[in-house]
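Tertiary structure, described
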Amino acid sequence: MSSENSSADDVQRVWDVVVVGAGPAGASAAYAAAVAGRSVLLLEKAELPRYKTCGGGIIGPSRDALPPGFELPFKDRVHAVTFSLDGRYARTRKSKQMLFGLINRPEFDQQLVEHAQKAGAELRTGVTVTRVEQHGSAVPDRRTVAVVLQGGETLLARAVVGADGSASRIGAHVGVKLEQVDLGLEVEIPVPETVAEDWKGRVLIDWGPMPGSYGWVFPKGDTLTVGVISARGEGAATKRYLEDFIGRLGLAGFEPSVSSGHLTRCRADDSPLSRGRVLVCGDAAGLLEPWTREGISFALRSGRLAGEWAVRIAEAHDAVDTRRQALNYAFAVKAGLGVEMSVGKRLLIAFERRPGLFHAALTGFRPAWRAFVDITRGSTSLGEIVRNHPMAQRALTAFDK
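Here is what the cut-offs are and how they apply
- Residues numbered from 1 in each chain as written.
- Predicted model: local features only at pLDDT ≥ 70, side-chain atom pairs only at ≥ 80, totals over all residues.
- Heavy atoms only, no water.
- Core = buried A, V, L, I, M, F, W, Y, C linked by side-chain atoms within 4.5 Å.
- Buried < 20%, exposed > 50% of the residue type's maximum accessible area, 1.4 Å probe, protein only.
- Contact = heavy atoms within 4.5 Å.
- Phe/Tyr/Trp six-rings, centres within 6.5 Å; stacked < 30°, edge-to-face > 60°.
- Helix = DSSP H or I, 4+ residues; strand = E, 2+ residues; numbered from the N terminus.
- Salt bridge = Lys/Arg side-chain N within 4 Å of Asp/Glu carboxyl O.
- 1 Å grid on protein atoms, 1.4 Å probe; cavity = no way out; pocket = protein on both sides within 12 Å on 5 of 7 lines; lining within 4 Å.
- Points joined across faces, edges and corners; volume = space filled by probe spheres on them.
- Nonpolar A, V, L, I, M, F, W, Y, C, P; charged D, E, K, R; others polar.
- Pairing = 2+ DSSP bridges.

An unreviewed UniProt entry lists the chain under the name Geranylgeranyl reductase family protein, from Streptomyces gottesmaniae.

Looking now at the nonpolar core. Counting residues in each nonpolar core, the largest one holds 72 residues, and the members touching the most others are Leu-43, Phe-108, Val-147 and Tyr-329. If sequence neighbours within four positions are ignored, Val-147 has contacts with Val-18, Leu-43, Val-129, Arg-131, Val-132, Glu-153, Thr-154, Leu-155 and Val-160. Counting 29 residues, the second-largest nonpolar core is a separate cluster that includes Ile-59, Leu-99, Ile-205 and Phe-218.

Under the defined criterion, the tally for this structure stands at 14 aromatic pairs. When the ring of Phe-83 is compared with that of Trp-369, the centres are 6.2 Å apart and the planes differ by 85°; the resulting orientation is edge-to-face. Remark: Trp-369 occurs in helix H10 (residues 366–377) and Phe-83 occurs in strand E5 (residues 80–85); sequence separation between them is 286 residues. Of the two residues, Phe-83 and Trp-369, both sit in the buried class. Taking the centre distance of 5.2 Å and the plane angle of 70° together, the rings of Trp-207 and Phe-351 count as edge-to-face. A residue pair is termed long-range when its members are at least 10 positions apart, and Trp-207 in strand E13 (residues 202–207) and Phe-351 in helix H8 (residues 319–353) qualify at 144 residues.

Our next topic: the pattern of salt bridges. Where charged atoms from two side chains of opposite charge approach closely, those side chains can pair. With the rule as written, the count across this model stands at 19 salt bridges. A salt bridge links Lys-177 to Asp-270, with the nearest nitrogen and oxygen atoms 2.9 Å apart. Linking Lys-177 in the loop between helix H4 (169–174) and strand E12 (178–190) with Asp-270 in the loop between strand E16 (258–267) and strand E17 (274–275), this pair joins segments that are 93 residues apart in sequence. With a relative accessible area of 39%, Lys-177 lands in the partly exposed category. Here Asp-270 falls in the exposed class, since its relative accessible area comes to 54%. The salt bridge partner of Arg-370 is Asp-374, with a shortest N-O separation of 3.4 Å. Note that Arg-370 and Asp-374 are positioned in helix H10 at a spacing of four residues, about one turn of the helix. What makes Arg-370 partly exposed here is its relative accessible area of 38%. What emerges from the salt-bridge pattern is a single network uniting Arg-50, Arg-105 and Asp-109.

Pro-49 follows Leu-48 through a cis peptide bond whose omega is -10°. Relative to the helices and strands, Pro-49 resides in the loop between strand E2 (40–44) and strand E3 (57–58). Although it is not a glycine, Arg-293 sits at a positive phi angle of roughly 60°.

It is worth spelling out the layout of surface pockets at this point. Counted as a void, the second largest pocket has a volume near 290 Å³. As for the second largest pocket, its lining consists of 15 residues, of which Arg-142, Gly-276, Arg-277, Ala-319 and Thr-322 are closest to the centre. Of all the secondary-structure elements, those providing two or more residues to the lining of the second largest pocket are E17 and H8. Looking at which element gives the most residues to the lining of the second largest pocket, the answer is H8, with four residues. Classifying every residue of the lining of the second largest pocket gives two nonpolar, seven polar and six charged.

When you line up the elements, Gly-356 lands in helix H9 (residues 355–364). A relative accessible area of 31% means that Gly-356 is categorised as partly exposed. Separated by 149 residues in sequence, Gly-356 and Trp-207 place their C-alpha atoms 8.3 Å apart.

Right, let's talk about the pairing of strand E15 (residues 223–231) for a bit. With respect to burial, E15 is a largely interior element, eight of its nine residues being buried. Summarising the sheet, E12 and E15 pair through nine bridges and their orientation is antiparallel. What sits directly across from Asp-182, in E15, is Ala-231. In terms of strand pairing, strand E14 (residues 214–220) meets E15 through seven bridges, oriented antiparallel. Across the sheet, residue Trp-216 finds its bridge partner in E15, namely Gly-227. Hairpin geometry of E14 and E15 is characterised by an intervening segment of two residues between the two adjacent antiparallel strands and by a positive phi of about 70° at Gly-221.

This is the structure in C-alpha cells:
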C-alpha cells in the first residue's frame, strides 16, 4: 500500500514497471528500469537460486550485456574446442585467447537478480502470475496494467515486461507466435579429478545424427554438463543420441546428479513483441539463435532493451505514445537480434542438409574457425560476418540453393 495517500485504504500502489520472471532476461529488464530511477517489482514463481536446463556458455555478446561491475562466476574458461561428426573425425582447435566462459545457471541468475536489487528493484519469489489485464474492472485507467497473481491478488503497473520463459503466460497475452521448437536433454555428471583434468579448458561439440541436431560437453570443475538438442518430435531418437553420446565419451559409468529436459522455442518472423503496455523479451518472446539455440545473450540483450523501453512506456500518457514506444522497442530488437536470427535460420537449414560440410569448414578452413572465434568472443556477430564478407555471403547463398 502507498502511504502517501493513506486517507483511503483502497488506494493501491502503482509500480512503474512490473517484470514477470527472474531469469537473465527478467533480471536484465528489472536492472535497466531500476537504474533509470523507476519503481520496479520483479516477480519469480520459484525460490532462488533454482536449476535451469542450460549449457551455461557465456559468449562475448552475453559478457558485453552485463551490468557494470558484474563479476562472472566462471567454473571454467574455454581455450579449445573439439569438433566431431556423430562421434567420428574428432579434431581439436585451440585459441590463445579465451573463447568463452562456463557458468552454473543458478549462481549466475541469482547474481543478476542481486544486481537488479542493488539498482533498486524489489523482488518477490514464490508468486505465479495467472494473467495480465489491460481493460476491465481491475484496471483503474488507460495508463495501467493489472497483473493478477494465483490466489487472486492484483498488482498494478504502468508497464509490464514478460520474461517468464518459453511457455510464457505473458507471451500468450501478447500473441507471440513460435515457429521452431527443439528438445534439449541434459545431464550434470560429477566426475573424478583425473577425468575433470582431461576436460579442463576444452569443450566438445558433436554434430549429431538427426538433421539439425548436435551435442556438447561443457566442463565445470568437478562436473561435466553433457547435452544434446534436436527438433521436437524426435524424442526417442534424441534420448538415444544422448545415451550413445555419453557411452562414446566413456562417461556411462558415472551417475548424473541432475537429468533434465527443456523445449526451446524460436519466434516466427511476424511475431509481435508487445501489446499495449506489455512487452516480452528473452525466451518469452521466442528470441534465441536458431542454429545453435543459444539463448543467454539474447535474453540479456533483449531484457535490457525491454527494461529501457518499459520506462518510456510507463511515462507514456496515451495510447498513441504507448504504441510508438512499443514499436521502437520492436525495431531495436529486430535491427540487432532479428538480423542475427535470420542468418541463424539460414545456417540451420544449411546445417540440416550438410553437417559434414560444416564440420570440414570448422576443422579445416581457417576463415571459418576465425569466424567462430570472433563470434564467441563477441568481436563480431553472424549478421556482421554475412554483411561484411562477400565470401560468407556467397557461401550462404550457395547453401540456400
